[in-house]
Amino acid sequence: MSFPLIVFYVLSAILLFSAFKVVTAKNPVHAALWLVLAFFTSSGHWLLLQAEFLAIALVLVYVGAVMVLFLFVVMMLDINIEKMRAGFWQHFPLAATVGLIMVAEMVLILASPQAHLAGYEAAAPLAADASNVKVLGLQIYTTYLMPFELAAVLLLLAIVAAIALTQRERKDGKYVDPAMQVEVKAADRLSIVKMAAVRDEPVINETNEPQA
């Protein structure tokens, strides 16, 4: 057994354990941190497949952006953990059965003679000027152009739908029509009022001495 194959099995074991801890962790912050570990181990699998760009993108996008934002939201919200986990053990047997079936399927695939794990051992070395980004770009914009465009349209529709669902007209909001702001003139904003000068009379106290 070669060193890349040993690394593959070690990363796979860590990934399965971290995924299990994501589901069973009582604290949402701890679950998010276990998910960060799962993302890191997944990027290790990409590195074994010599796909450095995908490994870096997984770390930067999911760990550096999505999970940090998720941690901020979880830490800012007052989540009732006990109420959230009320039906956990009730549905745990079914979830554990499905998880064991998936693990058994992966073990059968890896143990089959047709499994291409030998690719980790005899992977062809890449040239010094090889670029994963160039190859990925050629595949996306040639072979997989239509699925890529469909995925982009679906994401755009999801963004528009999320904005439309959350957009509500508030009566207490201070809103000014931009068209009215453009039409406003300087004379409408400032008005000069002329008033007659008023002189305060001196106040006389009991000793008949004037005070300013």
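Predicted model only: the values in this text are computed from it and were never measured. (Residues numbered from 1 in each chain as written. Predicted model: local features only at pLDDT ≥ 70, side-chain atom pairs only at ≥ 80, totals over all residues. Heavy atoms only, no water.)

The number of helices and strands found in the protein chain is 10 helices and 2 strands. Ordering the α and β elements of the protein chain from the N terminus gives α-α-α-α-α-α-α-α-α-α-β-β. A total of 212 residues make up the protein chain; the buried ones form 14% of that total. Across the protein chain, contacts joining residues at least 24 apart in sequence account for 62% of those joining residues at least 6 apart. If you sum the accessible surface of the protein chain, you get close to 18000 Å²; carbon and sulfur atoms cover 69% of it. (Helix = DSSP H or I, 4+ residues; strand = E, 2+ residues; numbered from the N terminus. Buried < 20%, exposed > 50% of the residue type's maximum accessible area, 1.4 Å probe, protein only. Contact = heavy atoms within 4.5 Å. Areas by Shrake-Rupley, 256 points an atom, 1.4 Å probe, with all protein chains shown as cover.)

In this structure, A32, V36, F39, L58, V63, M67 and L71 together form the largest nonpolar core, which totals 7 residues. Elements with a minimum of two residues in this core: α2 (28-48) and α3 (52-76). Broken down by element, this core gets its largest block of residues, 4 residues, from α3. What V36 contacts, discounting residues up to four positions off in sequence, is V63 and M67. (Core = buried A, V, L, I, M, F, W, Y, C linked by side-chain atoms within 4.5 Å.)

In the UniProt entry, the feature "transmembrane region" (unreviewed entry) is given for residues 6-24, 31-48, 54-79, 91-111 and 144-165. Secondary structure across residues 6-24 comprises 100% helix and 0% strand; the distance between its end C-alpha atoms is 27 Å. With 100% helix and 0% strand, the stretch residues 91-111 has end C-alpha atoms that lie 30 Å from each other. (UniProt positions renumbered as here; feature names shortened; annotations may be inferred.)

Here we take up the packing of aromatic side chains. Applying the stated rule across the entire model yields 4 aromatic pairs. Considering the side-chain rings of F17 and W34, the 5.5 Å spacing of their centres and the 85° angle between planes classify their relative orientation as edge-to-face. Taken together, the positions of F17 in helix α1 (residues 3-24) and W34 in helix α2 put the pair 17 residues apart, joining distant regions of the chain. A ring pair is formed by F39 and Y62, whose centres lie 5.2 Å apart and whose planes are at 45°; its orientation type is tilted. In this pair, F39 sits in helix α2 while Y62 sits in helix α3, placing the two residues 23 residues apart along the sequence. (Phe/Tyr/Trp six-rings, centres within 6.5 Å; stacked < 30°, edge-to-face > 60°.)

Further remarks concern the environment of V23. Its location among the elements puts V23 in helix α1. In the structure, V23 is positioned 65 residues away from F88 in sequence and 9.6 Å away in space, judged by C-alpha atoms.

Running from N to C, α3 and helix α7 (residues 132-143) cross one another at 90°; their axes reach a closest spacing of 8 Å. As judged from the angle between their axes, α3 and α7 are roughly perpendicular. Across the interface between the two elements, E52, F53 and L54 from α3 touch N132, V133 and L136 from α7. Among the residues making up the contact of α3 with α7, the classes are represented as 4 nonpolar, 1 polar and 1 charged. (Axes fitted to C-alpha atoms, helices over the stretch in contact; angles between N-to-C directions. Parallel < 35°, antiparallel > 145°, perpendicular 65-115°, else oblique. Nonpolar A, V, L, I, M, F, W, Y, C, P; charged D, E, K, R; others polar.)

As a further point, take helix α5 (residues 88-111). Its 24 residues give α5 an end-to-end C-alpha distance of 33 Å, which sits within 8% of 34 Å, the value for a rise of 1.5 Å per residue. The largest bend along α5 measures about 30° and falls at L94. (Expected span 1.5 Å × (residues − 1). Bend = angle between axes of the 7 residues up to and from the residue.)

This part is about a nonpolar patch on the surface. A cluster of nonpolar side chains, I6, V10, I14, L37 and F40, forms an exposed patch at the surface whose accessible area comes to about 380 Å². Counting only elements with at least two residues in the nonpolar patch, the list comes to α1 and α2. In terms of residue count, the dominant contributor to the nonpolar patch is α1 (3 residues). Exposure remark for I14: the relative accessible area of 33% places this residue in the partly exposed category. (Patch = residues over 30% accessible without salt bridge, like charges linked within 9 Å, V, L, I, M, F, W, Y side chains within 5 Å. Salt bridge = Lys/Arg side-chain N within 4 Å of Asp/Glu carboxyl O.)

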